[in-house]
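# An overview of the molecular structure
The lines below spell out each chain.
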Amino acid sequence: MCEEHSKLFHAYQEAVALFSTTLNARQATLVTAPRDEYPRMTEYVEQARLASEDARAELNRHITAHGCRPHFGAATNSASS
Ligand SMILES: [Zn+2]
């Protein structure tokens with residue numbers, strides 16, 4: 001895995017994590033927030049979903065262009081500096 005791949009992979013993971021966060025936040029508005037918060041949260045969720053899809057597309061584009069191997073399932077959990 002090259003440096004660029006690593007960077008894109010991390011960006012993708014972060015985008016997915018953000019998407020997951022917005023989903024949880026939207027779920028929380030069901031019990032804690034006024035009803036009209038929900039559509040607004042749905043918009044955030046949608047934006048985060050699109051961002052994660054973009055990040056994945058960019059990662060795939062790099063893999064195709066550069067020929068380096070996908071790295072799914074092999075991510076380390078250590079906080080990188
Ligand atoms: Zn590469």
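Residues numbered from 1 in each chain as written. Predicted model: local features only at pLDDT ≥ 70, side-chain atom pairs only at ≥ 80, totals over all residues.

With that out of the way, let us pick up the confidence of the model for the protein. Fine structural detail should not be taken from predicted coordinates in areas where pLDDT scores are low. This prediction gives the protein a mean pLDDT of 86; 85% of its residues lie at or above 70. Below pLDDT 50 for its whole length, residues 75-81 participates in one contact with residues either more than four positions away or in separate chains. (pLDDT = per-residue confidence, 0-100. Contact = placed C-beta atoms within 7 Å.)

With 30 residues, helix α1 (residues 3-32) extends 43 Å from end C-alpha to end C-alpha; this agrees with the ideal 44 Å at 1.5 Å per step. Of all the residues in α1, the buried ones are Leu8, Phe9, Tyr12, Ala15, Phe19 and Thr22. Close packing links the buried residues of α1 with α2 (37-66). (Helix = DSSP H or I, 4+ residues; strand = E, 2+ residues; numbered from the N terminus. Expected span 1.5 Å × (residues − 1). Buried ≥ 20, exposed ≤ 12 C-beta atoms within 10 Å, placed from the backbone.)

By size, the foremost hydrophobic cluster in this structure holds eight residues: Leu8, Phe9, Tyr12, Ala15, Phe19, Ala48, Ala55 and Leu59. Taken together, the elements giving at least two residues each to this core come down to α1 and α2. With five residues, the single largest contributor to this core is α1. Excluding its chain neighbours within four sequence positions, the residues that come into contact with leucine 8 are Glu58, Leu59 and His62. (Core = buried A, V, L, I, M, F, W, Y, C linked by C-beta atoms within 7 Å.)

Below, the discussion takes up the packing of α1 against α2. Running from N to C, α1 and α2 point in directions that differ by 165°, and their axes come no closer than 8 Å. Here α1 lies roughly antiparallel to α2, going by the angle between them. α2 is crossed by α1, and the crossing has left-handed handedness. A per-class count over the contact of α1 with α2 returns 19 nonpolar, six polar and six charged. (Axes fitted to C-alpha atoms, helices over the stretch in contact; angles between N-to-C directions. Parallel < 35°, antiparallel > 145°, perpendicular 65-115°, else oblique. Left-handed = near helix turned anticlockwise from the far one by under 90°. Nonpolar A, V, L, I, M, F, W, Y, C, P; charged D, E, K, R; others polar.)

What follows is about the environment of glutamate 43. Among the structural elements, glutamate 43 can be located in helix α2. What makes glutamate 43 exposed here is the crowd of 12 C-beta atoms within 10 Å. When the C-alpha positions of glutamate 43 and arginine 26 are compared, they lie 9.8 Å apart, and in sequence the two are 17 residues distant.

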